[in-house]
Amino acid sequence: MTDLPGHISVREVGPRDGLQNEDPVPAAAKIGLIERLSHTGVSRIEAVSFVRPEAIPQMADADEVWAGVDRAAPVRYSALAPNLRGARRALDAGFTEVEVVVSASDTHNRKNVNRSTAQSLDDIAVIIDEAHQRGASCQVIVSTAWGCPYEGDVPVERVVAVAGRAVADGADSVSFGDTTGMATPGRVTALVGAFRSAHPEVPLNLHFHNTRGTGLANVLAALEMGVDDFDASVGGLGGCPYAPGATGNIATEELVHMVEDMGVRTGVDLAAMIDAAAYAERIVGRVLPSGVLRAGPRTRTIPA
Ligand code: ZN
């Protein structure tokens, strides 16, 4: 194995990206999930998104959820916002880390927010300024980074150009989102390599969905390139808005289970994360796709 990072940072996105793609659950269940996750050792949790309730009813109670969470001091919590209005709600709610999204694909961006990618980048420049003025950091997530449900493949040069514009406008970090699970390891290597050559100094997060079973293989390809920051969703909570019944993000406990055995530290207590996944499964009322939730850690033994 080539040199892998000794430690990675995991951002738990189950309460947001996961629950956003499940049938709505009560605020108390969301609070319960965020609080359980807060005691797994995970260092970052994307807690809520501030979106129009008509657009995403699952996140309509974001303010109530966030106000209700008994926060754990070591955890960094963040919120996702689709526009300036949402970003202001996040900042007003006290978030000091805000994520904004732009799609690398024009068609996908227009379907999502009725703006071209270029127009969204103009909006994002204003959001970054406002976040900075209020003492917060702003990450720009480039979605459909490995493909678009309407346009198919998105050229690497275009994805890097979109991210580059965000960097020029002051983004504190960049995330590439595989919104529809179209990434494969070779494509991960290509995009990460191109971005790193252009912007070696910019912190990079990767966000994989396991829609087609390549999620952890993509992580491994990225680890081998030195990427040390990944999103994951407890239990593999969530889905894909363009593929009914498809699986969601890579499962946090599967990510932790794999990389820790390779000597890559995460700070996450695997048993606690599996417990949180079992709780996630109870609140959504369906069997979640995580293999580690089903089978337990590889060292689990049964009575002879
Ligand atoms: Zn996602």
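Residues numbered from 1 in each chain as written. Predicted model: local features only at pLDDT ≥ 70, side-chain atom pairs only at ≥ 80, totals over all residues. Heavy atoms only, no water.

Novice: Would you take a moment to explain the overall build of the chain for this structure?
Specialist: Across its full length, the chain carries 12 helices and 8 strands. A globule of 304 residues ought to have a C-alpha radius of gyration of about 19 Å, and the chain, at 18 Å, matches this closely. The principal-axis extent of the C-alpha atoms belonging to the chain is close to 65 × 45 × 35 Å. Within the chain, buried positions represent 56% of all 304 residues. With the model as given, the accessible surface of the chain reaches about 12,300 Å², and the carbon-plus-sulfur share is 51%. If you average the places of the 26 positive and of the 38 negative side-chain charges in the chain, the two averages end up 3 Å apart. (Helix = DSSP H or I, 4+ residues; strand = E, 2+ residues; numbered from the N terminus. Rg over C-alpha atoms; globule rule 2.2 N^0.38 Å. Buried < 20%, exposed > 50% of the residue type's maximum accessible area, 1.4 Å probe, protein only. Areas by Shrake-Rupley, 256 points an atom, 1.4 Å probe, with all protein chains shown as cover. Lys, Arg positive; Asp, Glu negative; His and termini not counted. Charge placed at Lys NZ, Arg CZ, Asp CG, Glu CD.)

Novice: Whenever I open this one, the pairing of strand S3 (residues 76-81) confuses me. Can you help?
Specialist: Of all 6 residues that make up S3, 5 are buried, and the element is covered over most of its length. Where strand S2 (residues 44-49) lies against S3, 5 bridges are found, and the strand directions are parallel. Considered in S3, the bridge of Ile45 is made with Tyr77. The parallel pair S2 and S3 is bridged by helix H3 (residues 62-68), and the resulting crossover is right-handed. For the handedness criterion, the β-α-β arrangement of S3, helix H4 (residues 84-92) and strand S4 (residues 97-103) is classed as right-handed. (Pairing = 2+ DSSP bridges. Right-handed = clockwise from strand over helix to strand, strands pointing away.)

Novice: Could you clarify how one ought to interpret the environment of Glu46 in this entry?
Specialist: The residue Glu46 is located in strand S2 in this model. Along the sequence, Glu46 and Ile8 sit 38 residues apart, while their C-alpha atoms lie 16 Å from each other. Here Glu46 is in contact with Arg11, Glu12, Val13, Pro15, Arg16, Asp17, Ser78, Leu80, Glu99 and Ile141, once residues within four sequence places are set aside. (Contact = heavy atoms within 4.5 Å.)

Novice: Would you mind showing me how to read the environment of Ala243 here?
Specialist: Tracing the backbone shows Ala243 in the loop between strand S8 (229-232) and helix H10 (252-261). Residues Ala243 and Val284, spaced 41 residues apart in sequence, show a C-alpha to C-alpha distance of 19 Å.

Novice: Could you clarify how one ought to interpret the coordination of the zinc ion in this entry?
Specialist: Each pair of donors in an ideal octahedron of six around a metal sits at 90 or 180 degrees, and each pair in an ideal tetrahedron of four sits at 109.5 degrees. Protein coordination of the zinc ion is provided by Asp17 (OD), His207 (NE2) and His209 (NE2), with donor distances spanning 1.9 to 2.1 Å. On the primary sequence, the residues serving as donors to the zinc ion are separated as D-x189-H-x1-H. Of this pair, Asp17 sits in helix H1 (residues 14-20) while His209 sits in the loop between strand S7 (204-207) and helix H9 (215-224), and the two are 192 residues apart along the sequence. The same class applies to Asp17 as to His209, namely buried. (Donors = N, O, S within 2.8 Å, 3.2 Å for Na, K, Ca; no water.)

Novice: Please explain the pairing of strand S1 (residues 9-12) as it appears in this structure.
Specialist: Along any regular strand, the residues point their side chains to alternate faces of the sheet. Side chains Ser9 and Arg11 project from S1 onto one buried face, and the interleaved Val10 and Glu12 project onto a second face that is buried too. Bridge analysis of S1 against S8 gives 4 bridges, and the strand direction is parallel. For Glu12, the partnering residue across the bridge sits in S8 and is Ala232. Judged from the 2 bridges that link them, S1 and S2 form a sheet pairing that is parallel. Looking at S2, one finds that Arg11 is bridged to Arg44.

Novice: Just to check I follow, could you spell out the nonpolar core for this structure?
Specialist: If you look at soluble globular proteins, the nonpolar side chains tend to sit buried side by side. Counting 93 residues, the largest nonpolar core has Phe176, Leu206 and Phe230 as the members making the most contacts within it. Here this core gets 9 residues from one element, more than from any other, and that element is helix H11 (residues 270-284). With residues near it in sequence (within four places) discarded, Phe176 still touches Val142, Ala145, Trp146, Val159, Ala163, Leu191, Phe195, Leu204, Asn205, Leu206 and His207. (Core = buried A, V, L, I, M, F, W, Y, C linked by side-chain atoms within 4.5 Å.)

Novice: Explain the side chain of Arg16 to me, please; I cannot follow it from the model alone.
Specialist: Inspection of the secondary structure puts Arg16 in helix H1. Assessed through its relative accessible area of 7%, Arg16 is described here as buried. Setting aside residues no more than four positions away along its own chain, Arg16 makes contact with Glu46, Ala47, Val48, Ser49, Met59 and Leu80.

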